[in-house]
Amino acid sequence: GVCIFDSFGKYNIHRFMNLFGKLGIKHSVIIDDDSDKTGNKLRMQQDVNQMIVDSRDGQKYRTIQVGSQNWMAQNLNYAANGSICDSCELYGRLYTYETAKNSCPTGYTLPTLADLKILKSTVGYVNALFSKKGWENQGVDENGMAIIPGGFFSIQDGIIKRRGEMAGFWSITDYDEFAVRVKLDNYSSDISIGSLKKQYGFSVRCISEETSINSKENDIVIDGRNEKILETITIGNQKWLASNMDV
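Bear in mind the structure is a predicted one, so any value in this text is a computation, not a measurement.

Some details on helix H4 (residues 113-123)
Within the span of H4, buried status applies to Leu 113, Asp 115, Leu 116, Leu 119, Thr 122 and Val 123. Of the residues one or two after H4, Gly 124 is the one with positive phi, at around 95 degrees.

Take a look at the structure:
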């Protein structure tokens, strides 16, 4: 492998990362905590450029280290029963929650709500996750996640909607008929963490079990009236909402 120490800023570093990635060279990048031109703190990032092989079907997936987390850097394309394939060689498959939660390769899992919050905090803004191609608002793919706009499967219409405009991914965290999802949209700068009914079809990005944060299912409730996620705390033998209601 190749290890580079570069004190000239993250933009110069990314030139090396892109070059080595194209050449298939494993590499590590370490940056200091200086500020960039916008005054934002630079984050330590290690791009291990590794591939995993799904033993079930032999498909290969690139993985990426983002902060403390190790993610699959491609959408899952495992042909699980009930998954939806439409240009799945490009976009991966769409999965209902019940199908998605058991579909990740060995050693990987759906992210928890806590995992999504860490990713959002680490990345900061949506374009950093967008792939450089496929979006109306061109992404910068700052962390190597290369998220593509695969859209979602609508249970009302039975069709795939908003392909080319948005990407959605399931979390393992659920409550009753709802599950937590993250959404990235052409028309919003926010990395939106919310919930939706489990019958919808979303893409899947798996996180390494070694870097995933386990969280109890009863740490949240989801208000079915507005699909808002409400976190809870336990005091003694009582469970309380951790914030005021907003209906």
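Let's pick the thread back up.
Some points on the pairing of strand S4 (residues 60-66)
S4 sits mainly inside the fold: five of its seven residues count as buried. Hairpin connection between strand S3 (residues 50-53) and S4: a loop of six residues separates the two successive antiparallel strands, and Gly 58 in this loop has a positive phi of roughly 80 degrees. Taken together, the four bridges between S4 and strand S5 (residues 69-72) define a ladder with antiparallel strand orientation. Across the sheet, residue Thr 63 finds its bridge partner in S5, namely Met 72. Linkage of S4 to S5, two consecutive antiparallel strands, is achieved through a turn of two residues, within which Gly 67 is found at a positive phi near 60 degrees.

Some details on the sheet that holds strand S11 (residues 192-197)
The strand order S9-S10-S11 describes an open sheet built from three strands, whose pairing is antiparallel. A single partner strand is all that each edge strand has here, and the edge strands are strand S9 (166-175) and S11. The sheet shows a mean angle of 35 degrees between the axes of neighbouring strands, taken without regard to direction. With six bridges joining them, strand S10 (residues 178-185) and S11 adopt antiparallel strand pairing. Following the sheet pairing, Arg 181 is matched in S11 by Gly 194.

What counts as what
Residues numbered from 1 in each chain as written. Predicted model: local features only at pLDDT ≥ 70, side-chain atom pairs only at ≥ 80, totals over all residues. Heavy atoms only, no water. Buried < 20%, exposed > 50% of the residue type's maximum accessible area, 1.4 Å probe, protein only. Helix = DSSP H or I, 4+ residues; strand = E, 2+ residues; numbered from the N terminus. Pairing = 2+ DSSP bridges. Axes fitted to C-alpha atoms, helices over the stretch in contact; angles between N-to-C directions.

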